[in-house]
Amino acid sequence: MVIVGCGDGDADDGHDDDGGLLVKDNVACSGAESCNREQESGMVGIMMAVMLAAVMSSLSSVYNSASTIFTIDIWQRLRPRASDREKLMIGRAIVAILVVLGLVWMPLIERGGSGKLFRYIQTILFLFGSPIMAIFIVGLVWPRANEPGALGGFLIGLLLAAARFATEYIYASPACGEPDTRPAFASIHYMYFGIILFVVTLATIIVLSLLTKPIPREELDGLTWITLKNKTALETKHQQGMSDVVISSDKGKKHQNIC
């Protein structure tokens, strides 16, 4: 039993004589051995199958996307006349290389993110996803944003994210209850640092975009939230023009038939 709190109380209503709250020790399994002892082997097998299926599904999608990006965006530009069989073999080779790199990276995962895989993945998503999200949001809602602003914001956010991610390996995370003696840059929680990265990237994009030449407005029709209506208007004018051309051609044919 664990005693929490103080004051007057009665042991019959879940309190001891000194007023402490009595809590059972075995509310949940506290470790792997107790979980294996208290759970049936069939349930453990089902949970393992679910976790492995989820991991395999995520990895297959990532490998497929990475190999497609490399084959279409890089290899096809280097070899424009590459056959389908060649591109298929290159895609398979990229998948094999990624698998080997993943195996080599596993010891680093154990060191980073306090040795927890879920926290490691979330750290990467927050640190490196925040600058990308800022670029997408600015590009969708602000027509004044341009390429130098987006590139500068991405590079600044990427450098800060890489520096913060490196501190996961340089400074060990303190255990529960121990004082955190790491520098302020390394001790900031990765979620808070992701918010900071988002704001810094956003500010960099805005400043650099205002200091450089804007993109012509006619080239942004239908690409941002503000210029979305311009594309609809242009499509309407284009359809009207096509209909006028068809009507004029029909009139010309009728005139030729009359003659």
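Residues numbered from 1 in each chain as written. Predicted model: local features only at pLDDT ≥ 70, side-chain atom pairs only at ≥ 80, totals over all residues. Heavy atoms only, no water.

For the chain, the name recorded in an unreviewed UniProt entry is Sodium glucose cotransporter 4, with Paramuricea clavata as its organism. Looking at the chain in UniProt, the text filed under Subcellular location (unreviewed entry) is "Membrane". (UniProt positions renumbered as here; feature names shortened; annotations may be inferred.)

Below, the discussion takes up the overall build of the chain. Counting its regular elements, the chain contains eight helices and two strands. Ordering the α and β elements of the chain from the N terminus gives β-β-α-α-α-α-α-α-α-α. Scored against the burial criterion, the 259 residues of the chain give a buried share of 19%. Within the chain, counting contacts between residues at least 6 apart in sequence, those at least 24 apart form 58% of the total. Summed over all atoms, the accessible surface of the chain reaches about 18,900 Å², with 67% contributed by carbon and sulfur. (Helix = DSSP H or I, 4+ residues; strand = E, 2+ residues; numbered from the N terminus. Buried < 20%, exposed > 50% of the residue type's maximum accessible area, 1.4 Å probe, protein only. Contact = heavy atoms within 4.5 Å. Areas by Shrake-Rupley, 256 points an atom, 1.4 Å probe, with all protein chains shown as cover.)

The subject of this paragraph is the side chain of Thr 71. As for its position among the elements, Thr 71 is in helix 2 (residues 41–78). Assessed through its relative accessible area of 6%, Thr 71 is described here as buried. Beyond its immediate chain neighbours, meaning those up to four positions away, Thr 71 contacts Gln 76, Lys 87, Ile 90 and Gly 91.

The subject of this paragraph is helix 7 (residues 190–211). The first and last C-alpha atoms of helix 7 sit 31 Å apart over 22 residues, in line with the 32 Å expected at 1.5 Å per residue. For helix 7, the full list of buried residues reads Tyr 190, Phe 193, Gly 194, Leu 197, Thr 201, Thr 204, Ile 205 and Ser 209. Along helix 7, the residues classed as buried sweep out an arc of 125 degrees about the axis, all on the same side. Within helix 7, the exposed residues directed more than 90 degrees away from the buried face are Tyr 192, Ile 195, Leu 210 and Leu 211. (Expected span 1.5 Å × (residues − 1). Arc of directions from axis to C-beta.)

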